[in-house]
Amino acid sequence: MFQNSLEYAKKQDAEDALAAFRNKFHIPKDASGKELIYLCGNSLGLQPKITSEYIREELTDWANLGVEGHVEGKHPWLPYHEFLTENMAKIVGAKPSEVVVMNTLTTNLHLMMVSFYQPTKTKYKIVVESDAFPSDKYAVESQLKFHGFDPKDGLILWKPRKGEVLCRFEDLEEIMKTHGSEIALLMIGSTNYYTGQSFPLKKITELGHKYNCKVGFDLAHGAGNIQPNLHETGADFAVWCTYKYLNSGPGSLGGCFVHERHANNEQLNRFAGWWGHNKKTRFNMRQDFDALPGAEGWQLSNPPILSMAAIRASLDTFAEAGFENLRKKSIKLTGYLEFLLDEMKNDAINVITPRNPEERGCQLSIQVKNADKSLHTKLTEAGVISDWREPDVIRVAPAPLYNNFEDVFRFSEKLKDVLKN
Ligand SMILES: Cc1ncc(COP(=O)(O)O)c(C=O)c1O
């Protein structure tokens, strides 16, 4: 179905209903002003051109109104996070009451574990996938220690089999069969940062719940990439960042999902702050904490509006494109990348990401023989922005909002050249 030619790639772009969205982004350029091939939305998404306008609006309101901007701004700061909720809920497949934008990913993960990791003496273990992102692993280990458990005993790794790189669901079933009665929490990355493998979230949730465990997901590499359908999965919680596929700028705020069945659950521990308190009485002060129902009740602080303005700009762009359209394009674009890599028939590289589009997002992880990092350096010198993850992987992620078939084709030509030399 695909063809290995620039002409074919250009034809796909000409027929792509989403092609015009590329012009809505700043594409990084080299010193001579030539556009780089940017395939790194898995790390930091590109800047929508409207972002500066959205941020400027808030700076102007701040300049002109000072503190009154909280209520009199064009987009008043007091309820500002609410302007993000509906679009964000669509992106992760949740009800608006289940979603809030606040803090950053690792902070939210800790807040969620305060509520959803309530171990007992006998049921206290936590399962993570074996190559979970370091921050997740550190967070989980520190929660175990905080509750007086030794991570060496309390942390169970869902590992690939010997000689394999991907995790099999059957092996998680086996872990649950053997240790289910001791496990309190399954905390899994929805799409693994290293391999690009997307896990079956609903099946994992059902499995965890069958053994009376809580289940949470890290969607850092899922949000804005795959459709996680969070509400339907039944997961207890999820957390994600917005600076990767959601294009909201370096270090921007994270998102958090709490399933609606926990909206008013007073049995849960919670670390509280005034932004999680009843909006009607928040400014009466001196009141006992009265949690807002739903995910909003987990907020701590009044949020950084400039960062939220960038998220609003990005979410408006996503809403205009339509997430389903983006996902359809993404499957085709990454399929094209896979086809071109296959065509190279070069045993110095090996794609370790699953071949089934249902089991991956837009990223392909290219494992390099003998962990030869110079391949990545040479690609960078040739004008490709991708990233290297130790020990031996180049991650390449064509993002359907701003990448096109020509980017993918040109990348494959550059990779071919570099491999030849
Ligand atoms: C899978 C995953 N989890 C957690 C993090 C940490 O995110 P933050 O620095 O926003 O806490 C990242 C960052 O890239 C990540 O990729």
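For the structure, see preceding data.
Residues numbered from 1 in each chain as written. Predicted model: local features only at pLDDT ≥ 70, side-chain atom pairs only at ≥ 80, totals over all residues. Heavy atoms only, no water.

### Some remarks on the environment of valine 408
Mapped onto the elements, valine 408 comes out in helix H14 (residues 405-420). Among all residues touching valine 408, those that are not within four sequence positions of it are Leu333, Tyr336, Leu337, Leu340 and Pro398. (Helix = DSSP H or I, 4+ residues; strand = E, 2+ residues; numbered from the N terminus. Contact = heavy atoms within 4.5 Å.)

### Looking at the site of the ligand
Close to the ligand lie Leu105, Thr106, Phe133, Asp136, Asp218, Ala220, His221, Tyr243 and Lys244. For the ligand, a nitrogen atom lies 2.7 Å from a polar atom in the side chain of aspartate 218. Contact between the ligand and lysine 244: an oxygen atom at 2.8 Å from a side-chain N or O atom of the residue. Computed on the free molecule, the ligand has an accessible area of 400 Å², of which 81% lies beneath the protein chains in the complex. The residue makeup of the shell around the ligand, split by class, is 4 nonpolar, 2 polar and 3 charged. (Near = heavy atom within 4 Å. Polar contact = N/O pair within 3.5 Å; in protein donor to acceptor, adjacent residues only side chain to side chain. Areas by Shrake-Rupley, 256 points an atom, 1.4 Å probe, with all protein chains shown as cover. Nonpolar A, V, L, I, M, F, W, Y, C, P; charged D, E, K, R; others polar.)

### A short note on the packing of helix H1 (residues 6-15) against H14
Put simply, H1 and H14 touch, their axes get as near as 7 Å, and they point 160 degrees apart. Classified by the angle their axes make, H1 and H14 are roughly antiparallel. Across the interface between the two elements, Leu6, Ala9, Lys10, Gln12 and Asp13 of H1 pack against Phe405, Glu406, Phe409 and Arg410 of H14. When grouped by side-chain class, the residues that make up the contact of H1 with H14 number 4 nonpolar, 1 polar and 4 charged. (Axes fitted to C-alpha atoms, helices over the stretch in contact; angles between N-to-C directions. Parallel < 35°, antiparallel > 145°, perpendicular 65-115°, else oblique.)

### Some words on the side chain of glutamine 143
Inspection of the secondary structure assignment puts glutamine 143 in helix H6 (residues 134-146). For glutamine 143, a relative accessible area of 7% corresponds to the buried category. Other than its neighbours up to four places away in sequence, glutamine 143 contacts His110, Met113, Val114 and Tyr117. (Buried < 20%, exposed > 50% of the residue type's maximum accessible area, 1.4 Å probe, protein only.)

### Section: the sheet that holds strand E10 (residues 364-368)
Read across the sheet, 4 strands follow the order E9-E10-E13-E12 without closing on themselves; strand pairing throughout is antiparallel. What marks the edges here is a single partner per strand, and that holds for strand E9 (349-351) and strand E12 (387-389). Sheet twist, expressed as the mean angle between neighbouring strand axes with direction ignored, is 30 degrees. Both E9 and E10 contribute to a ladder of 3 bridges, which runs antiparallel. (Pairing = 2+ DSSP bridges.)

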